[in-house]
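The primary structure of each chain is shown beneath.
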Amino acid sequence: RARRRAARLPITEIPGESAEVTGCELVAIEAPRPRPKRRSGPDAQLSAMDRLSHLLTGGIQQKQNGGFVEGSPAAVAAEIVRFLEKRGFIRSGEHDG
């Protein structure tokens with residue numbers, strides 16, 4: 001809301017060579033210093049392998065994929081239906097079973 005209000009306000013221009021501006025002196029123009037990035041270290045309670053994995057991946061956790069379903073066509077279909085019910089895509093009784 002403040003940005004919209006500020007966008008409607010008039011901008012007063014003051015020429016740099018104007019006699020109206022006195023006592024102003026430009027000292028320096030510098031680029032802002034970049035903020036340091038936050039880095040998380042591994043938890044000391046983790047195992048050595050988990051700490052090493054944390055350091056190698058930069059703390060990024062891998063997304064876990066779903067498992068591969070094996071078995072008869074009926075068992076695979078039942079697992080798919082269970083997955084869809086669990087995720088809320090279908091309700092119990094909506095499928096022919």
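Quick caveat, the model's predicted, so the values are computed rather than measured.

Along the backbone of the protein chain there are three helices and zero strands. In sequence order, the protein chain lays out its α and β elements as α-α-α. For the protein chain, with 97 residues in total, the buried portion stands at 2%. Total accessible area on the protein chain stands at roughly 10,400 Å², and carbon and sulfur atoms take up 53% of it.

Another point: a positive patch on the surface. Together, Arg1, Arg4, Arg5 and Arg8 make up a positively charged patch on the protein surface. Locating Arg1 in the fold gives a position in the segment before helix H1 (2-8). Looking at Arg1, the relative accessible area reads 75%, which means it is exposed.

In this section: a nonpolar patch on the surface. Together, Met49, Leu52 and Leu56 make up an exposed nonpolar region whose accessible area comes to about 360 Å². Tracing the backbone shows Leu52 in helix H2 (residues 48-57).

What follows deals with the pattern of salt bridges. Overall, the coordinates contain one salt bridge when judged by the stated rule. In this structure, Arg82 and Glu79 form a salt bridge, with 2.5 Å as the shortest nitrogen-oxygen distance. Here the residue Arg82 and the residue Glu79 both occupy positions in helix H3 (residues 73-87), the gap between them amounting to three residues, near one helical turn.

Attention now moves to the confidence of the model for the protein chain. In this model, the protein chain carries a mean pLDDT of 78, and residues with pLDDT of at least 70 account for 73%. Least confident of the elements in the protein chain is H2, whose mean pLDDT is 82; most confident is H1, at 90.

Now for the environment of Glu79. Owing to a relative accessible area of 29%, Glu79 belongs among the partly exposed residues under this scheme. Expressed as a C-alpha distance, the spacing of Glu79 and Val69, which sit ten residues apart in the sequence, is 7.5 Å. Within the local environment of Glu79, its side chain forms a polar contact with the side chain of Arg82, the two groups lying 2.5 Å apart.

Calculation rules
- Residues numbered from 1 in each chain as written.
- Predicted model: local features only at pLDDT ≥ 70, side-chain atom pairs only at ≥ 80, totals over all residues.
- Heavy atoms only, no water.
- Helix = DSSP H or I, 4+ residues; strand = E, 2+ residues; numbered from the N terminus.
- Buried < 20%, exposed > 50% of the residue type's maximum accessible area, 1.4 Å probe, protein only.
- Areas by Shrake-Rupley, 256 points an atom, 1.4 Å probe, with all protein chains shown as cover.
- Patch = residues over 30% accessible without salt bridge, like charges linked within 9 Å, V, L, I, M, F, W, Y side chains within 5 Å.
- Salt bridge = Lys/Arg side-chain N within 4 Å of Asp/Glu carboxyl O.
- Lys, Arg positive; Asp, Glu negative; His and termini not counted.
- Charge placed at Lys NZ, Arg CZ, Asp CG, Glu CD.
- pLDDT = per-residue confidence, 0-100.
- Polar contact = N/O pair within 3.5 Å; in protein donor to acceptor, adjacent residues only side chain to side chain.

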